[in-house]
Amino acid sequence: PTRRVQEVTQGEMAVLGYLHKHDNITPSELSEEFDLTTARIANILNSLEKKKYLVRIHDSVDRRKVQVTITELGKTVAVQKKQEIWYPKDWKGDR
């Protein structure tokens, strides 16, 4: 089955959720936090950036330094996905 572009993988959701609480973080900090290779983090960030859920901001003095910031759309998706996890659509209980 083919995934739609806007769907969020488990790894992407973890990073997006983390960025929602810890904005302006470096990719290497994410790599350490999730115990993932920098290459894997780069793939996740590329995908989330393509979906417009985050932006990378390069340091004005040293362009090699990058901060990752969640966008408003990314915040909305993070909150929505968290609610879907806690309250699945087929769940009949009270909220």
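These lines cover the structure that appears in this document, whether it is placed above or below. Being a predicted model, the structure only gives us computed values, none of them experimental.

## Digging into the pattern of salt bridges
Stage number 1. All told, the structure shown has four salt bridges when counted by the stated rule.
Stage number 2. Note that Arg 64 is salt-bridged to Asp 62, the shortest N-O span being 3.0 Å.
Stage number 3. When its relative accessible area of 73% is taken as the criterion, Arg 64 is described as exposed.

## Examining the side chain of Thr 71
Stage number 1. Structurally, Thr 71 can be placed in the loop between β2 (66-70) and α4 (72-86).
Stage number 2. Of the residues examined, Thr 71 reaches a relative accessible area of 18% and is grouped as buried.
Stage number 3. At a separation of 2.7 Å, a polar atom in the side chain of Thr 71 contacts the main-chain carbonyl oxygen of Lys 52.
Stage number 4. Contacts of Thr 71, omitting those with residues within four sequence positions, involve Lys 52, Tyr 53, Leu 54 and Val 55.

The rules behind the values
Residues numbered from 1 in each chain as written. Predicted model: local features only at pLDDT ≥ 70, side-chain atom pairs only at ≥ 80, totals over all residues. Heavy atoms only, no water. Salt bridge = Lys/Arg side-chain N within 4 Å of Asp/Glu carboxyl O. Buried < 20%, exposed > 50% of the residue type's maximum accessible area, 1.4 Å probe, protein only. Helix = DSSP H or I, 4+ residues; strand = E, 2+ residues; numbered from the N terminus. Polar contact = N/O pair within 3.5 Å; in protein donor to acceptor, adjacent residues only side chain to side chain. Contact = heavy atoms within 4.5 Å.

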